[in-house]
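# Breakdown of the fold
Listed here are the chains, written in short residue letters.
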Amino acid sequence: MKGIKVLMFGLLLFVGGCATISRYDQYSYMQAVNLKVDSLKLIDSSGEAYSNHKPEVQDIKVRAEKAYEYEKGRPKNQVTTDMWKLMIDPKGGLLGGFFVLWEESGTVSPAFVPEKKKQITRGFDEIIGLESEKIKK
Amino acid sequence: MSDIVEIVKGIKGDILALAQTHCAEFVKEARADGEAFIDETKDDLGTWATLMVAGKISPKELESLVRGKRDLAKMTFLKAKGLAQIKIDRLVAGIIDSTIKRITG
């Protein structure tokens, strides 16, 4: 009986170590929240010429790239990595694509800004929402 | 030997109870999210088409919004996938807890 209990404990430890998704990461969470706030603030200025905001756009782009690379390096973190990939894709319709459109157009229409802001907010909320649901260590 | 049979029987019951709770919740949430997304998309497309016809947004901006909607659909799917994985991990953790309790009695 004792031997079987030891075997079951060993099995439990093995199964317990086989998580399917990464655990909650405070740095990931904070990084996403900070980028959300800073990006949305910058989008508010997109009615103005892109050239006036180029350094801020570059800063957000680099930070978002770093966030993506950080997520890519975490084990069992494919889902969050894919979400960041969509967020920064220059050919997509979220943050990366928005910056390209702003740069190419010079400015964007006032009616477009709140609509795009809603989408980018939602994208960040999905990333943040998933991270906050992950199991805490 | 009868102890082990009892432990296994108990664990089986715990697993079924945990699985039922986690899966039923997940299916309900995923269905509600999907339906809400479809309704939202219909409304958004109508709003954007009106804005473009009125000249308030450019065709390129409309295209960007449609692409954004497509990407958000993928995001929603990915989040649902991640949440399902989290539920599986929670289920496994629950099974481990209840098994340890049954073994240590």
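Since the structure is predicted, the reported quantities are computational estimates derived from the model, not experimental observations.

The next thing to look at is the overall build of chain A. For chain A, the count of helices and strands is six helices and zero strands. Listed N to C, the secondary structure of chain A is α-α-α-α-α-α in terms of helices and strands. Counting over 137 residues, chain A shows a buried share of 46%. Considering only residue pairs separated by 6 or more positions, chain A has 74% of its internal contacts joining residues 24 or more positions apart. Taken as a whole, chain A presents about 6,900 Å² of accessible surface, with 60% of it coming from carbon and sulfur.

Let's shift gears to the environment of A64 of chain A. Residues and elements named next belong to chain A. Secondary-structure assignment places A64 in helix 3 (residues 54-73). Since its relative accessible area comes to 3%, A64 is described here as buried. Those residues in contact with A64 that lie beyond four places of it in its chain are L35, W84 and I88.

Residues and elements named next belong to chain A. Topologically, K36 is positioned in helix 2 (residues 26-43). A distance of 2.7 Å separates a polar atom in the side chain of K36 from a polar atom in the side chain of D125. With sequence-adjacent residues up to four places away left out, K36 is seen in contact with T121, F124, D125 and I128.

Let us now look at the packing of helix 4 (residues 78-88) of chain A against helix 6 (residues 112-133) of chain A. All names here are of chain A. In contact at an axis separation of 10 Å, helix 4 and helix 6 are set at 165 degrees when each is read in the N-to-C sense. Taken together, the axes of helix 4 and helix 6 are roughly antiparallel relative to one another. In the crossing of helix 4 with helix 6, the sense of the turn from one axis to the other is left-handed. Within the contact between the two elements, helix 4 uses V79, T80, M83, W84 and M87 and helix 6 uses I120, G123, F124, E126, I127, L130 and E131.

Bringing the nonpolar core into the picture now. Judged by nonpolar contacts, the single largest core of 44 residues is most densely connected at W84 and M87 of chain A. Among the elements that line this core, the one with the most residues is helix 6 of chain A, at seven residues. Setting aside its immediate chain neighbours within four residues, M87 of chain A contacts L94, L95, G96, I120, G123, F124 and I127 of chain A together with M75 of chain B.

A residue-level look at chain B finds 97% of positions with pLDDT of 70 or above and a mean pLDDT of 84. As scored by the predictor, the complex reaches a pTM of 0.83 and an ipTM of 0.88.

What follows covers helix 2 of chain A. Residue and element names in this part refer to chain A. With 18 residues, helix 2 should reach 26 Å at 1.5 Å per residue; the first-to-last C-alpha distance of 26 Å fits that figure. Looking only at helix 2, the buried set comprises S28, Q31, A32, L35, K36, S39, L40, L42 and I43. All buried residues of helix 2 lie within an arc of 150 degrees about the axis, which places them on one face of the element. One side-chain oxygen at the N-terminal end of helix 2 lies 2.9 Å from the backbone nitrogen of Y27; it belongs to D25.

Of the residues lining the interface, 38 residues belong to chain A; the matching set on chain B comes to 41 residues. In total, about 3,600 Å² of surface goes out of reach between chain A and chain B, with carbon and sulfur atoms giving 70% of it. Summed over the shared surface of chain A and chain B, the result is three salt bridges. The interface formed by chain A and chain B holds 13 residue pairs in polar contact (both at pLDDT 80 or more) in total. Contributions of two or more residues to the side of chain A that touches chain B are made by helix 1 (2-16), helix 4, helix 5 (95-105) and helix 6 of chain A. The greatest single-element share of the side of chain A that touches chain B, amounting to eleven residues, is contributed by helix 6 of chain A. The residue inventory of the side of chain A that touches chain B, partitioned by class, reads 20 nonpolar, eight polar and ten charged.

Rules used in this analysis
Residues numbered from 1 in each chain as written. Chains lettered and ligands numbered in written order. Predicted model: local features only at pLDDT ≥ 70, side-chain atom pairs only at ≥ 80, totals over all residues. Heavy atoms only, no water. Helix = DSSP H or I, 4+ residues; strand = E, 2+ residues; numbered from the N terminus. Buried < 20%, exposed > 50% of the residue type's maximum accessible area, 1.4 Å probe, protein only. Contact = heavy atoms within 4.5 Å. Areas by Shrake-Rupley, 256 points an atom, 1.4 Å probe, with all protein chains shown as cover. Polar contact = N/O pair within 3.5 Å; in protein donor to acceptor, adjacent residues only side chain to side chain. Axes fitted to C-alpha atoms, helices over the stretch in contact; angles between N-to-C directions. Parallel < 35°, antiparallel > 145°, perpendicular 65-115°, else oblique. Left-handed = near helix turned anticlockwise from the far one by under 90°. Core = buried A, V, L, I, M, F, W, Y, C linked by side-chain atoms within 4.5 Å. pLDDT = per-residue confidence, 0-100. Expected span 1.5 Å × (residues − 1). Arc of directions from axis to C-beta. Buried area = accessible area lost by both parts, 1.4 Å probe. Salt bridge = Lys/Arg side-chain N within 4 Å of Asp/Glu carboxyl O. Nonpolar A, V, L, I, M, F, W, Y, C, P; charged D, E, K, R; others polar.

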